[in-house]
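As a plain string of letters, each chain reads:
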Amino acid sequence: MAVLSKQKSGGHMVLRNPAVPGVAAANNQGIVTWCKRKGLGCLQVLFLAVTMILFFSGVPPEDALESRYRQLKQKDSLEAWTDFLFDQLDADPGLAVNREAFLKKALWRPPRTRAEQLACFQFFINTGWHLLTQRQVPASIAWYEQAYAFYERYKQDPELKQAMDFEEYIAKPLGNNYTRVGDFSKAVYIQQRAIDAAMAAHRNAIIPGLYLNLATTYFRMHDAAALRNTIALGLRSARPGSADALPLYNLKAEAYLEAGNTDSAGIWNQQALQLGRQLTGVPAALQTTFLARARILNLSGKHRESLYYLEKIRKQVAADNIELKVETAIETGNAYLLMQQPDSALAWHQRALQYFRRNENGLFPDFKVTTALFGVATALLYKNPPAAAPWFEKAVLNDYYTEQLLPASLNSSTAAYANKKYSETAIALYHQLFDQHQDPEYLLKALWLTELSKGRMLINEQRRTAGWKQDALLSSNKKWVDQLRSLYVLLAETPEGTYKQQIRQNIRQLEFELNLKERESVALLKLPSYEVFRKWVQTAGRNKTLLSYYLGDSYSYIIQVQNGLFRHKLDTATVAHTKEIGDFMRRYFYAGPTAFNKDPRAYYISAAQLLKTWNPWLTGSASAVLISPDRELHNLPFEALCTIPGRPAYWGATTSIGYSFTFLQNAFAGAVNNNPRLVTVFSFEKPHLGFPGLPQSVKERSFLEKHFITQPYAAAGTSDSAFMAALNTGNIIHLASHAVADPAGKQPYLVLKNKLYLGELQYITTRSPLVVLAACETGAGILQQGEGMQSLGRILLSKGVDGVLSSRWEIDDAASGELIREFYQALAADPDPVSALKKARAAYLENHRTAAEQNPLFWAAYFYQGNDTPLLIRKKRSSTVMLSLLFIAGTVLITTMVFRYKKLL
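Treat the numbers as computed from the prediction; the structure is a model and nothing was measured.

Draft legend 1. Just the sheet that holds strand β10 (residues 732–736), in detail. Judged by pairing direction, the sheet is mixed, and its 11 strands sit side by side in the order β5-β4-β3-β6-β7-β18-β17-β14-β10-β8-β9 without closing on themselves. Looking at the sheet topology across the chains shown, the edges are occupied by β5 (565–571) and β9 (710–714). Taking each pair of neighbouring strands and ignoring which way they run, the sheet shows an average axis angle of 20°. Pairing analysis gives two bridges linking strand β7 (residues 656–659) to strand β18 (residues 862–866), with the strands arranged parallel. Its bridge partner lying in β18, Y659 is registered against Q865.

Structural data, given as structure tokens:
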């Protein structure tokens, strides 16, 4: 094998094999001289020169690549072909974007020799690098992932493994790319793996830089503890006073800036400045120091000084350092905004956008594009708020668009809602414009942006699961999926410590490998249609009342759509009112029935006040309501609130109330299957795993078997795999068992033959239209910003179940059984699950008249989440009914025969 050397490619070190020379650029003067010697005319010389330039430059004619491809393929010269592509990309990086479809199919066979293997690897990483310089981050990720897969395939060859240099050429760029798009789980995995590999190989020189990359990921994740620890490890691995410490100082300053501590940020920035001035050959790190200094000065009100440092960066920044150019343009725009010079601010934020190849809607999946779009919108806001509004909408859409790149695993850490403050500004602007112009279109747009800000991971995971159904990814990778499920069980049942950390690392590795097979970064880049959403709101808003909430840091926004009429409210006491929700729930629902029983009237007054706060337009009686809550409102049982102060006039007794994580789920729901469904029943009838038998589950099973076509199972004898298989039958699933929300923070779980943990349910598919979780706390869990409650009910919705009936707290077994039986009886007559649940509540209250029996703790735990689509249940025809039908048919037949006989006579 030829001696390997390193050569720069656009500022990125790539391996080259000098045994196969690249195509050199032609000397134009030499061409002209040669043509004159041959006696060619001026036009001929010009034509030949242009042809030669086009061929030997990085911009070959449209079919030049195909032509060279055919020639070398015919010779089976794979190494020469990949080296040719390498040189063409270096000459014209734009080929990586313009001809990517061709490049993806450029290798006609796997490499055979070590030289071919290395040449192919170089081609992968060079394509990934040039796509990155063109700000095509998702595409760049795909090529680096291909390089990673290639490395995994050929790393058994020690010489080739060393030449491919996993830490330098894969982990660094791929991990940084994941951080750019907010795919933090993958970034942490690949960066930590690089650190471990470098330490094992005693590659001390590269370790500080690897710690810097990992620390940058933790910075973007807002994980302050992990950030501090990783920076400390990085500084410990760097030589004192070396250039390796400079970017770590910068990141420390940035972290303090992010936390609003400008004094500490200034101290670390000053240390970085002093070190940077003592060193040579660190222009990029020093320019990043200047950028941090500019941000500190901006926050300190010293905008002119900030512009001085930003100008220094612009004069010195390398031509290919697009990231620093974009950040500098954005910070310059911010400085002019703070100086109240919106025209200059607008120009600089637009300049930042010019570095990206945005699509026809003006979008590009990068968080810096989102920031620049918000900058443009804010600049326009000074002079023309209506003109600013579409830019704010575009920024929120770009935020949504970018997050479609992220993994949707409930246990993944993502960059979700990094631009929450900007989103709140956009939503507030549309509310303000409605007040000024009374045009309902503004409130519709406010509703659109509000719902775009919620349930993004849920929608993403639903799409992802639909893809699994289509391409059979889970079944074709069953070994990995089974391992993941087993690891999530271990994760839940292992105490904190070294072993648990190793389990988490193993999960990251398996999820990383599985995600590589999904290629979800390309498949999920889709945007919901505003026109489809508008039509759904117009239709649904006439059939039922829509209530949407957005809870910001200081303000809350409520939108109601009723009979086609839009209303809204700004709540300036968000902190106080959310605290009231917490106090109300702890007093009346989490601490048992005592508080209610002592003073029911006090409950009625508090419940009526809460309803007035969160639904100020409650006049008359709406027959049906669909609620899209936010933050603490996910805990509030609207059914148990009172419409009349001081009286047990429960809203849920007269109104069908359904819930949605985001109206986008309802607006873009699929077609309805009107076929009657069987009921698969899992009943927990005997003690198991330390849990007592549930007498009511026996009654529920008997009731369902009597009235409907069922498939009964004993929950305690049902394996995880059998339960998951039942979820794919298309039947209604009724689970009358134990469940634990696990406040200790391990994982919620259902009790079957084993404990079925939430983590295990991440890697399943479902086809059930309805899952009834007749168990405690199946709708409870941990609140996640913008996503709502991370619960067992939610994970089933994310896997494709149309609707889930679950419980908010620990439920009384007898009350639960009665409610569930009433629910199914109502569902048999009315195919709307939300309406059936309302009728079940009303029947329960009718059957229990005393105040203590009507304590909402007993009957308000169950709530319905999901699509409000009709559902038919397959009824069992009783023998009495069948005999009656036969008697009627026989009577009709005899009567007909007698009539015909008389007619013949």
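Draft legend 2. Seen up close, unusual backbone geometry. Positioned with a positive phi, R135 is a non-glycine residue whose angle comes to about 65°. Phi at N563 is positive, roughly 55°, even though this residue is not glycine. With respect to the helices and strands, the residue N563 is situated in the loop between β4 (556–562) and β5. Among the residues examined, N563 registers a relative accessible area of 63% and is labelled exposed.

Draft legend 3. Quick peek at the sheet that holds strand β13 (residues 755–757). Strands sit in the order β11-β12-β13 across an open sheet of three strands; the sheet is antiparallel. Unpaired on one side and paired on the other, β11 (739–740) and β13 mark the two borders of the sheet. Examined bridge by bridge, β11 and strand β12 (residues 749–751) share two bridges and lie antiparallel to one another. Each residue of the ladder has a partner; that of A739, found in β12, is L750.

Draft legend 4. The arrangement of the pattern of salt bridges in detail. Tallying each qualifying case throughout the model produces 41 salt bridges. Here D366 makes a salt bridge to R135, at a shortest N to O gap of 3.1 Å. With D366 in the loop between α19 (342–353) and α20 (367–381) and R135 in the loop between α7 (114–133) and α8 (137–154), this pair connects stretches of sequence that are 231 residues apart. Given a relative accessible area of 2%, R135 falls into the buried group. For the salt bridge of R504 with E496, the shortest nitrogen-to-oxygen distance reads 2.9 Å. Its relative accessible area of 57% is what places E496 among the exposed residues.

What counts and what doesn't
The written sequence of each chain sets the order in which its residues are numbered from 1. Where local features are concerned, this predicted model is filtered to residues with pLDDT of at least 70; where side-chain atom pairs are given and counted, the filter is 80 or more; whole-chain, interface and lining totals use all residues. No hydrogens and no water enter the side-chain calculation; it runs on all heavy atoms of the structure. Strands qualify as paired when DSSP identifies two bridges or more between them. Runs of H or I in DSSP of at least four residues are treated as helices and runs of E of at least two as strands, each being numbered from the N terminus. Lines fitted to C-alpha atoms define the axes, with helix axes restricted to the stretch in contact, and inter-axis angles between N-to-C directions lie between 0 and 180 degrees. Three labels apply to residues, based on accessible area from a 1.4 Å probe with only protein chains included: buried if under 20% of the type maximum, exposed if over 50%, partly exposed otherwise in between. Any carboxyl oxygen of Asp or Glu that lies within 4 Å of a side-chain nitrogen of Lys or Arg is treated as forming a salt bridge with it.

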